[in-house]
Amino acid sequence: MVTVFADVVCPFTHVSLRRLTDRRDQLGSSRRILMNAWPLEWVNDAPLAPAKALEEIEALQRAVTPDLFAGFDSATFPRTSVPALALASLAYTQDLATGEAVGLALRDALFEQGLDVSDPAVLSAIAAARDLDARDADPDAVRAEYEEGKRRGVVGSPYFIVDGNGYFCPSLDIEHADAGFSVRFDAEDFEALAQRSFGPRRAVDAGA
């Protein structure tokens, strides 16, 4: 099972998932990713500030992914990610493919289209495209996933678990300093994670 605990509003997760799913396609695997909720607003007792998200995005664009975050708009950054995380959880009750598709669509809406993923209209459109009703999303499911993440030793977003082993933000090296932080793509760690997750022995493991 490939599991990630992460927040929809985490820019580092958006990069990691985009690159990992692209590499999965190159490897010819149909194995899906289970995205569980790790709400940073609960971890930090405050929502992620738009200015902080923009700082992280600008660092990623400079050093890692100039092609991503093209449509990001800090003015529409959501004050809470819980409704989006609840919709993702609902989607996984349908099947793994639907859950993954919704998890990726939510991040694409936020980071590439500049949409507010706490807006009921935005969530309803994403849900309807997968034959879901956003009104069925349950915030209690987010709480349950968050508690499960604490039980499993999650330390941040994104936190991948593959075959029982945990990896925090394995594709990015992040260094903090008084003046801010720098970020670098760790190609070796990324490829190791991709092979563990989607290498030849995983190619036909579609449902795990």
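Residues numbered from 1 in each chain as written. Predicted model: local features only at pLDDT ≥ 70, side-chain atom pairs only at ≥ 80, totals over all residues. Heavy atoms only, no water.

### Points about the overall build of the chain
To be explicit about the condition: Secondary structure is summarised from DSSP: a helix means a run of H or I of at least four residues, a strand means a run of E of at least two, and numbering begins at the N terminus for each. Throughout, the radius of gyration refers to the C-alpha atoms, and the reference size of a globule is 2.2 Å times the residue count to the power 0.38. To sort residues, take the accessible area from a 1.4 Å probe on protein chains only and compare it with the maximum for the residue type: under 20% means buried, over 50% means exposed, and anything in between is partly exposed. What makes two residues a contact is simply this: any of their non-hydrogen atoms within 4.5 Å. Throughout, the Shrake-Rupley method with a 1.4 Å probe supplies accessible areas, and for residues the shown protein chains are the sole cover considered.
Within the chain one finds eight helices and six strands. Against the globule reference of 17 Å for 208 residues, the chain gives a C-alpha radius of gyration of 16 Å, in line with a compact fold. C-alpha extents for the chain along the principal axes are approximately 45 × 40 × 35 Å. For the chain, buried positions account for 50% of its 208 residues. Within the chain, residue pairs in contact and separated by at least 24 positions form 77% of the contacts whose partners lie at least 6 positions apart. Accessible surface for the chain amounts to roughly 9,400 Å². Of this, 49% is attributable to carbon and sulfur atoms.

### Some details on the side chain of Ser171
We count it as follows: The definition of a polar contact used here is a pair of N or O atoms within 3.5 Å, where within protein one atom must be able to donate a hydrogen and the other to accept one, and adjacent residues in sequence count solely through side-chain atom pairs.
When you line up the elements, Ser171 lands in the loop between strand S4 (165–168) and strand S5 (172–177). Within the structure, Ser171 has its side chain in polar contact with the side chain of Ser16 (distance 3.4 Å).

### Some words on the layout of surface pockets
Note the following rule: Any residue with an atom within 4 Å of a point lines the site, the site being either a cavity, points on a 1 Å grid over the protein atoms alone where a 1.4 Å probe fits but cannot get out, or a pocket, an open set with protein on both sides within 12 Å along at least 5 of 7 lines. Grid points are joined across faces, edges and corners, and a volume is the space filled by probe spheres set on the points. Any residue that is not Ala, Val, Leu, Ile, Met, Phe, Trp, Tyr, Cys, Pro, Asp, Glu, Lys or Arg is counted as polar, Gly included; the first ten are nonpolar and the last four charged.
Considering only enclosed or pocket space, the largest pocket measures out at about 330 Å³ in volume. If you trace the largest pocket, you find 20 residues lining it, with Phe12, Leu40, Glu56, Ser157 and Phe168 closest to the centre. Elements with a contribution of two residues or more to the lining of the largest pocket: helix H1 (11–27), helix H3 (50–63) and S5. In terms of residue class, the lining of the largest pocket is built from 14 nonpolar, four polar and two charged.

### So, the packing of aromatic side chains
Applied cut-off: Whether two aromatic rings pair depends on their centres lying within 6.5 Å, for rings of Phe, Tyr and Trp, where Trp uses its six-membered ring; planes under 30 degrees apart make the pair stacked, over 60 edge-to-face, and the rest tilted.
Summed over all chains, the structure comprises six aromatic pairs. The interplanar angle of 50° and the centroid separation of 5.0 Å between the aromatic rings of Trp38 and Tyr146 together place this pair among those described as tilted. Taken together, the residues span a long stretch of sequence, with Trp38 in the loop between strand S2 (33–37) and helix H2 (40–43) and Tyr146 in helix H7 (residues 139–151) at a distance of 108 residues. Of the two residues, Trp38 and Tyr146, neither departs from the other in class, the shared state being buried. Consider the rings of Phe185 and Phe190, whose centres lie 5.5 Å apart with planes at 55°: the pair is tilted. Residue classification places Phe185 among the partly exposed residues on the basis of a relative accessible area of 24%. For Phe190, a relative accessible area of 8% puts it in the buried group. In textbook terms, an aromatic cluster arises when at least three aromatic residues are bridged by ring pairs, as seen for Phe69, Phe72, Phe77 and Phe111.

The analysis is restricted to geometry; functional conclusions fall outside its scope.
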